[in-house]
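Here is how the chains run, residue by residue.
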Amino acid sequence: MPFEEPFEDRIGHALRATGDAFEPADRSTLVDGGLARGRRTVARRRSAAVTGGVLALAVVGVGGAYGGGLLGGTGTGDTSLAVPALTASEAGVSGAELARILTGLLPDGKLSEVSARAAGTMPSAVVSGVFDDGKGPAAISVVLTHVGGKPAIPQTQCPDQVFVPYESCSGTELPDGSSLRIFQGFEGPDLKDGVKRWQATWRNGRFLVDATEYNAPAQKGAQVSRPEPPLDAKQLRGLVTSAEWSGPLRALPTAPPGKETGRPSTPSESSEAAGGKGTGGSAATASGSVREIFLSLLPKKAKVLEQGGQADDYAYAVVDDGKGASFVQINVQPDMLDVADELYGEGATTLPDGTLLKTTKQPSEKGGKDAVMWTADTMRPDGLRVVVSALNAGAFRADATRKAPALSIAQLTRLATSEKWVTRR
């Protein structure tokens, strides 16, 4: 069996696949859609876009979406990884050993183009290759991770299909206290290209095992080689929960302690804060939250079909005024005055109270057929930026459901300039 150690490009792809499991495959949608938190480092602020991680929190949840926290459970049943201390022979687990384990856990077939990176000084290890069971070659990878804090969102939570379309997703708390999620979705924003991504993520205490497979011989730039990835949900579960990974996991260096992302939350709040759906016009959010105010400012005739977001700065709703579904979102960012000149240049106006306003009507980049996005982008004299956008479709990447968004530019502007954004602070 060919073996290459390391093959950095393949390792990089595997790591990115793990970290991006529930993120939109094309992050420019976040930038152009104004969906992110706008973490304001100088470089990001100068990108003149709403950037950062709100949508990442909304949809990431498989490998990589952690401020920390994995293995340390009792390891009963098929997840018996909580075993005694590292033995001398395990202390130097090699890439070749990782390749041997992966090969042994796969069904009948051939694993080629194998590459692996043992842990070394990093709290992660990766093995990947191209697997062919006679029905077509398929890229597959396994990432082992030791992390040092708590997960940003519940490990069993599936992403919101408003942002991440998929065929199937299930999250399960196993009897031993570990968690398992099986995700069967797509690799890129263009679902018509047929590239599917199936992923299983198992965690217990301080360790994570994540397996990703495709129905193509590479994650990017390869044609579909088979209708579906080779391993079904049951086989993916067996792959990530196998005790064969116990030695390599114990050999991972300890990750530094991490911080829990955001404030402590109840299970229901965590679900909503991570982009969880709701229906109807009332939001189970704290008084004065962005989502609560946002929903209160929507036109009365617009029925809220779905809602979600993050309480401190982002919210969205899918509304229907009788003419079809329309996705509407808002992002609220304080202290943005230092980039006002970059954000509000040509085409911007100044309102009587000093608020800067820039409105746009443009195609929804990476959106579906005939989809457009209308936006009102405002900044008050004290640097409070409020950006509201609406699509003429029910979700990103979805085809248009109507000729124009449910909210006009005037309505988007009134929503963004409401005094409620000032009084909530």
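One numbering rule holds for all chains: residues counted from 1, following each sequence as written. Local features in this predicted model are restricted to residues whose pLDDT is 70 or higher, and side-chain atom pairs enter the listing and the counts only when it is 80 or higher, whereas totals over whole chains, interfaces and linings include all residues. Where side-chain values are given, they derive from all heavy atoms of the structure, hydrogens and water being excluded.

## Some thoughts on the overall build of the protein chain
In step 1: Each helix is a run of H or I in the DSSP string that is no shorter than four residues. Each strand is a run of E no shorter than two, and both are numbered from the N terminus. The helix and strand tally for the protein chain stands at 12 helices and 15 strands.
In step 2: The contacts in the protein chain between residues at least 6 apart in sequence include a share of 63% that link residues at least 24 apart.
In step 3: For the accessible areas, the method is Shrake-Rupley and the probe is 1.4 Å, while residue cover comes only from the protein chains on display. Entry remark: accessible area of the protein chain is about 17,900 Å², with carbon and sulfur atoms responsible for 53%. Pairs of residues are marked as contacts when any of their non-hydrogen atoms sit within 4.5 Å.

## Considerations on the state of the cysteines
In step 1: Pairs of cysteine sulfur atoms within 2.5 Å are identified as disulfides in what follows. One pass over the full model with this rule turns up 1 disulfide.
In step 2: Two residues, cysteine 158 and cysteine 169, share a disulfide whose sulfurs are 2.1 Å apart. Measuring handedness by torsion sign, the sulfur bridge of cysteine 158 and cysteine 169 sits at about -90° and is left-handed. Pair noted here: cysteine 158 is in the loop between strand 4 (137–146) and strand 5 (166–173) and cysteine 169 is in strand 5, with a separation of 11 residues, a long-range link.

## Quick look at the nonpolar core
In step 1: Residues belong to a common nonpolar core when they are buried Ala, Val, Leu, Ile, Met, Phe, Trp, Tyr or Cys residues joined through side-chain atoms within 4.5 Å. Under the scheme applied here, a residue whose accessible area is under 20% of the maximum for its type counts as buried, over 50% as exposed, and between as partly exposed, the area being computed with a 1.4 Å probe on protein chains only. Of all hydrophobic cores here, the largest spans 33 residues; its most connected members are Leu102, Val127, Val142, Leu144, Val209, Leu239 and Trp245.
In step 2: Mapped onto this core, the elements with two or more residues apiece are helix 5 (95–105), strand 2 (110–117), strand 3 (124–132), strand 4, strand 6 (179–186), strand 7 (196–204), strand 8 (207–214) and helix 6 (233–241).
In step 3: Sort the elements by how many residues they give to this core and helix 5 lands first, with 4 residues.
In step 4: Each residue touching valine 142, except ones within four places of it in the same chain, is listed here: Leu102, Ala125, Val126, Val127, Val209, Asp210, Ala211, Leu239 and Trp245.
In step 5: Counting residues in each nonpolar core, the second largest holds 27 residues, with Ile293, Val304, Trp374 and Val388 among its members.

## Concerning the pattern of salt bridges
In step 1: Salt bridges are counted wherever a side-chain nitrogen of Lys or Arg sits within 4 Å of a carboxyl oxygen of Asp or Glu. By the definition in use, this model includes 11 salt bridges.
In step 2: As a salt-bridge pair, arginine 402 and aspartate 321 come within 2.8 Å of each other at their nearest N and O atoms. Pair noted here: arginine 402 is in the loop between strand 15 (385–391) and helix 11 (409–416) and aspartate 321 is in the loop between strand 10 (314–320) and strand 11 (325–333), with a separation of 81 residues, a long-range link.
In step 3: A salt bridge links arginine 380 to aspartate 353; the nearest nitrogen and oxygen atoms lie 3.8 Å apart. Of this pair, arginine 380 sits in the loop between strand 14 (372–379) and strand 15 while aspartate 353 sits in the loop between strand 12 (349–350) and strand 13 (356–363), and the two are 27 residues apart along the sequence.
In step 4: Looking at arginine 380, the relative accessible area reads 9%, which means it is buried.
In step 5: Here the salt bridges do not stand alone but share partners, grouping Glu97, Arg100 and Glu244 into one network.

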